[in-house]
Amino acid sequence: MSSANATPPTSPARQSTTRAPWPPTAADALAALDTAYARWTAGVVALDADRLAAPVGPAEGPWAELPFAALVLHINRETIHHLAEVLLLRDLYRARQA
């Protein structure tokens, strides 16, 4: 999840979709991940039941009529999936050095 898109599309905290520079160190990357996670969580928590039940709208193409809660769930699943890949790469890198 890029930090530019870490909050729901309707959140006032949403930032530009321009790409942010890559963090130069692992510590900076972890800090950026923590910041993105905090922004995403705050944005989701701020959604009320009506907003979660409302259709996501035309920005989501063929899924426009799905409730916003489905989009939140999808993004959470994608985040888990891709971070698991990152952890696999980390483990493979560590095993290579053993």
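Scroll up to find the structure.
Model, not experiment: these values are computed from the prediction. (Residues numbered from 1 in each chain as written. Predicted model: local features only at pLDDT ≥ 70, side-chain atom pairs only at ≥ 80, totals over all residues. Heavy atoms only, no water.)

A. Just the nonpolar core, in detail. W40, L47, V56, F68, L71 and V72 together form the largest nonpolar core, which totals six residues. Among the elements that take part in this core, helix α3 (residues 68-96) stands out by supplying three residues, more than any other. For V56, the residues in contact, after removing those within four places along its chain, are W63, A64, L66, P67, F68 and L71. (Core = buried A, V, L, I, M, F, W, Y, C linked by side-chain atoms within 4.5 Å. Buried < 20%, exposed > 50% of the residue type's maximum accessible area, 1.4 Å probe, protein only. Helix = DSSP H or I, 4+ residues; strand = E, 2+ residues; numbered from the N terminus. Contact = heavy atoms within 4.5 Å.)

B. Looking closely at helix α1 (residues 26-45). Here α1 contains 20 residues, and its C-alpha end-to-end distance of 28 Å stays within 8% of the 28 Å for a straight helix at 1.5 Å per residue. All buried positions along α1 are accounted for by A36, R39, W40 and G43. What you see down the axis of α1 is that its buried residues fit within an arc of 100°, all on one side. Residues of α1 that are exposed and angled more than 90 degrees away from the buried face: A26, A27, L30, D34, Y37 and V45. Structurally, α1 contributes buried residues whose contacts are with α3. (Expected span 1.5 Å × (residues − 1). Arc of directions from axis to C-beta.)

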